[in-house]
Every structure is written in structure tokens, then in C-alpha cells.
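Inside the fold
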Amino acid sequence: MFSVDCTKLKDYFLPAKREFDCIYFNFPHCGRKAGVVKNRELLTRFFHSCAEVLKRDGEVHVALCRGQGGTPADQPRREWHNSWQVVAVAAGAGFILSDVHPFRAETAHGYECTGYRSQDKSFCIEGALNHVFTRSTPLLYCKPLICEIELERQRISFQVPQVLVDKINRGFLERNSNHPVRTIKEKLTAVLSQAFPLQSVDHCLSLLLQGHLNAACHSNIFWILLSPEETPSAEEMASGWANAILFSHVDFHGDTDKNVQEGCQTPKQCYLRPSLLPYAQAIIKSAAFVPGTLYVFSGPVFRKCHVSPYCMPVFHEMVFVCAVNRGSENSCIQMVVDKIKTSIHSLHQTISDFKLSISLQETTSLGTAELSDFAAFESQLGKIQFFLCIEADTRDSSEKGSCVGAVRTAPYEPAGSDLVVVFASLNLDLVAMLICAIEDWRMLWTSDTRFLRQFPAGELRIFRSFSLYPPSYVHDVSFWLPDGEQFDDVAFHTIAREVSGEAVASIHLLDNFQQPGTGRNSLCCRLTFQSCDRALGRREVAAMQLRFREEISQRLRVALR
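Figured I'd write up the structure that's included with this text. Here the structure is a predicted model, which means the values were calculated and not measured.

Two strands pair when backbone bridges link them, and strand β18 (residues 473–480) and strand β20 (residues 521–529) are joined in this way by eight bridges, in the antiparallel orientation. Opposite Asp-476, over in β20, you have Arg-526 as the bridge partner. With two bridges joining them, β18 and strand β21 (residues 559–560) adopt antiparallel strand pairing. Bridge assignment links Trp-480 to a residue of β21, and that residue is Ala-559.

So, in C-alpha cells, the structure goes:
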């Protein structure tokens, strides 16, 4: 069919003929000496037209001359403003760049490279690239979610924080899951069971906790408000290990009984568990606890944190607990760590030849500036003897030595006991990222099925991104801080996560200004919007930025400038 307007494809085909597997547009051009702006507009209308006639899993191939695309694949690469910005243009219609390779005219049967400047001449295709686009999963705008937890004869309902709605009950650790975090968990469990009598305690771990928190942790917690009738009674709270696990009422420093005595039996405020360590305290106080047995449990935990590729508000934690004779704790720690090393090395060596170095580092050897949000929060949960760190030789220096776990010891109660309890915790998501070379934590939680397809039957592999060179958009925001109040930067980052659906890749402080005379303080922050797995268009980002400004004005009481 000839004389087809590429910007109105559906007008040329009956509805039954609109499901194309592939659409090719080789060397699009408005004709004559059209500038880059007009050609961007042409591509914009073309991609929107493709969205109406392409199959769900179809492809759009766009061949461009050297430098036109504006991606790092172009050599030499043009300045962004002087390119056709093909990835950003396609994103506006819901497409992501999934492959790019040198253009070969012979691969398109019947195609002849002609039409240069509307003449019967071929284009100069030296250095030309073929860009392969696929449909993106749509940006998520999740409705509010109510979660129910059963406590014996009553149910407790609570509203899930909006930023976590798409991350609750994903089932990554379930038996039928192929997710990398489950593969790593199963490998660790199998190897450790060869060295210790092992008992898994993965059932009945409540999402909610109650009790006192270290004051330094408060800004990192997802708080949940419950009405009085939804709160379990003091009798239910004190009825044993099972209830302690179902709905734990704990102090992160182990002073559970003190909490109850101080009148915390029916608080109205709970929080999503930031760690699984409280369940370890419930286990070692139960009559069923057996010294010498390694207790293992795992599940997602939730922490507010700063926006960065390696800093996650939800991750899967794996905790190991064992009581040993006093004086034997160091050998127990070394045995657990050695088995963790063995497991990680065996998983990694089957998929890559770059080196992973795993080490224990004393907390005194890490300065405050070197602690990630993960390690800094772990330090607030109680004294740490060692951090477990992984160093990858292909990583940027800023990411080398990532802290993925922590080791603690504590005396076994009652007082006078000759036993010492060893606690080890591990961030399975960070381990998966380092083993599989995943550069952004958000990819672990993507709803795009192309992620899990890369790990058939739970087989670990080096991850290959299905969204290449995603466009980024920079927006700045300036505001006056409220007088006499400390600025909560973690809340600021959390609001950015929420309003963008995790589409903010980084936030940086550009300027901190104090007005002479009044002493008022003003901050200027730069937000970089970029999605690692979905198409993100300029209009969507502008709407996100506007909503972000509204939300920080209302919730943080800042005055926008």
C-alpha cells in the first residue's frame, strides 16, 4: 500500500488489520531542509499513530542517520538539543528503546535505500543505527489499599502508605516464585543447613509492630494509625510466642516487658516493620527455643529513605539467630559468614567472570560518611559488631564496598546464663543486585514480565536491561523553611517517591540560603525524573512536579518560591 500517512496509520487499515507485529520507518524526514524540531514533531505523531495499530508485544523499528538519535549509542554523539531525541519522543507515546544496533538495509526484505532530499538517491547510512522500540507497561497510579491482618478472633485493618501500595504482598519469596531474591534465599538456607541444625520460621510474621523505637529511627518509619477497637488487647499481646510473632509489641533493644508495664497495652499508633530483628527477640524468649539451632526467617521490611539507585524503601531481609556458649560466638559468626560467602560465590561464579569480594568490616573501620542509608539505619537498631560488605570490581567507586548485612551479639536471658545469642541480618535485594549486575533497585520490583523472563526457573543470570538510555528530566524547586522547625529531608524524598510512582531517580541540594536580617532559610533542590523500566514522557513529569510542589507545601508546611 502506498501514500500512507505515517501519522494516521489507523485510517488506512480496517480494525481487523490493525494488529501489526512490526512497523519499520527507515530514515524518517519531513523533507528538504527541515530542522530537528519539525522532525521531532514528525516522530511524535508517528509513535502515537503506531500505538493504535501495534500488537501488545510488537516492535517499532526506526532507522536514523549517524548522530540523529541523540543516544550514547551514536558515535560521535550530538548535543542533546541538536538531536532528534528519539527515546524521549517515543516515551511520550508509551514506548521504550529495547535494542539499538547498526542499520543493515539487507535485513528488510524488498527495501531500497532511496529518497535522499526527495530524490532518487540513497541516504548516507554509514554509522546509521536501527532503534527498536517496544511498548512499556503503563505508569502505575495505584488506588488506596486496605490491608487486613488476622489476630486470633479479630481482624486489624489499616491503610497501606501510598508509596508502598504496589509493593505489598508481591510474593517474591513464595514457592512458585522465580524472583532472584528467592533463589538467593533458598541457596543460603541449603548451605547453612549443612553446618547447623536449622529451623525456618517464615510463617506468621506480622507486617505491623508496636512499642518503643530509638528516637533516631522515627523519621525512617512508616507509621500506621489504628482506632482503639482495632488494637489487640493486653491479654492477646501477652499470650505467648505465636501472638508475639503475629503482632509484635517490642522494643528494638529487647525491653519488651518494660513497654507493657509502662502502659503501652492499647496504643493507637503502630508501624510497618523496619526490620525482622524483633521476631528474633520473640523466638529466643520462647520455651521452644533450642540453643545451638540456627533459626532462619525472611520477609519484606519497610523503611523511609533517601532517593538513590541502591537505597530502597522496601527490601527482603533474611535473619539468622543462634545461641552458643560464651566464648564461641566469634567462631559461630565466622561459620555463618563463611557459609554466606560460599553461597554468594557459587551463585555468582556460574553467571559472570567479574570478581565479588565479600568481607566482614568492623563498625569502627567505617566512617559516618561511608555508611549507606541501609547501614546507618541498621546502626540505630542496636550495637553492631560487624558489617557484611560486598565489593564488585565492575562497580563505580562510589558503590564499592556496599554494606549488605550486619552481625550483632547479645547476652542470652536470664542473667547469668553462659550463652550468647548471635544475630545476623542480610539485605537479599542488595545481594541480588550485586550478583546479577542490576543497577537500580526499582528494577527488582518492576511489574514488566520481561524482568522475570530473564531468570527462568529461578536461574540467576547477568541482567540485560529492556529499557535502554531512558530519558531524564530535571526540575528544580525552591522554598522557604517554616520558622523554628527542622526540615525532614527523608519525608521530602518520600513525597517525591509517592507522587512520581518511583520515577524520581535522584534528588540533590543545589543551594542553602539564609536571608540577611530575617534569618529565614531557603533551600533549592534538583529532582531528576527517570524511570528504569517504563516510558516517561515530558508532560507526565511536568504534572508530577506540579503535584510534588503542592504536596510539600501542604505536608511539610514550606513556602514555595
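Structure shown, so let's carry the discussion forward.
This paragraph deals with the pairing of strand β4 (residues 129–135). Most of β4 sits inside the fold, with seven of its seven residues counted as buried. Covered by surrounding structure in β4 are Leu-129, His-131, Phe-133 and Arg-135 together with Asn-130, Val-132 and Thr-134, the residues of both alternating faces. Pairing between strand β2 (residues 54–64) and β4: six bridges, direction antiparallel. Bridge pairing in β4 links Ala-63 to Asn-130. In this sheet, β4 lies alongside strand β3 (residues 95–102) in antiparallel orientation, the contact comprising seven bridges. Paired with Leu-97 across the bridge in β4 is Phe-133.

Among all residues except glycine, the phi angle is most often negative; among peptide bonds, the trans geometry is most common. The omega torsion of the bond from Gln-75 to Pro-76 falls at -5°, within 30 degrees of zero and hence cis. You will see that Phe-27, though not glycine, has its phi angle at about 55°, which is positive. In the Ramachandran plot, Tyr-469 falls in the positive-phi region, its phi being about 50° despite a non-glycine side chain. Take Tyr-469: its relative accessible area is 34%, and that puts it in the partly exposed class.

Take the packing of aromatic side chains next. In this structure the tally under the stated criterion is 19 aromatic pairs. Residues Phe-27 and Phe-103 carry aromatic rings whose centres are separated by 5.0 Å and whose planes lie at 75° to one another, so their mutual orientation is edge-to-face. Taken together, the residues Phe-27 in the loop between β1 (20–26) and α1 (36–50) and Phe-103 in the loop between β3 and β4 connect sequence positions 76 residues apart. Joined through ring pairs, the aromatic side chains of Phe-25, Phe-46, Phe-47, Phe-95 and Phe-133 make up one cluster. Positioned over the ring face of Trp-480 is Arg-520, at 4.4 Å from the centre of the ring.

A sheet is described by the order of its strands in space; here four strands give the open sequence β19-β20-β18-β21, paired in antiparallel fashion. Each edge of the open sheet carries a strand with a single partner, namely β19 (504–514) and β21. Contacts between helix α12 (residues 489–500) and the sheet are confined to β18, β19 and β20, with β19 contributing the most and set at about 140° to the helix. Here helix α13 (residues 538–555) sits on the sheet and contacts β18, β20 and β21; the angle it forms with β18, its principal contact strand, is near 15°.

A turn of α-helix holds 3.6 residues, and therefore any two residues three or four places apart point the same way. Look at helix α8 (residues 329–349): 30 Å from first C-alpha to last across 21 residues, which is about the 30 Å you get at 1.5 Å a residue. Residues of α8 that are buried: Glu-329, Cys-332, Ile-333, Val-336, Val-337, Ile-340, Ser-343, Ile-344, Leu-347 and His-348. With its buried residues spanning 130° around the axis, α8 presents them on a single face. In α8, the exposed positions that point more than 90 degrees away from the buried face belong to Asn-330 and Gln-349.

Moving on, we get to the environment of Val-319. Here Val-319 shows up in strand β13 (residues 314–325). Assessed through its relative accessible area of 0%, Val-319 is described here as buried. Taking the C-alpha atoms as reference points, Val-319 and Phe-297, 22 residues apart in sequence, are found 5.5 Å from one another. Setting aside residues up to four positions removed in sequence, Val-319 forms contacts with Leu-276, Leu-277, Tyr-295, Val-296, Phe-297, Ala-424 and Ser-425.

Definitions and cut-offs
- Residues numbered from 1 in each chain as written.
- Predicted model: local features only at pLDDT ≥ 70, side-chain atom pairs only at ≥ 80, totals over all residues.
- Heavy atoms only, no water.
- Pairing = 2+ DSSP bridges.
- Helix = DSSP H or I, 4+ residues; strand = E, 2+ residues; numbered from the N terminus.
- Buried < 20%, exposed > 50% of the residue type's maximum accessible area, 1.4 Å probe, protein only.
- Phe/Tyr/Trp six-rings, centres within 6.5 Å; stacked < 30°, edge-to-face > 60°.
- Lys NZ or Arg CZ within 6 Å of the ring centre and 35° of its normal.
- Contact = heavy atoms within 4.5 Å.
- Axes fitted to C-alpha atoms, helices over the stretch in contact; angles between N-to-C directions.
- Expected span 1.5 Å × (residues − 1).
- Arc of directions from axis to C-beta.

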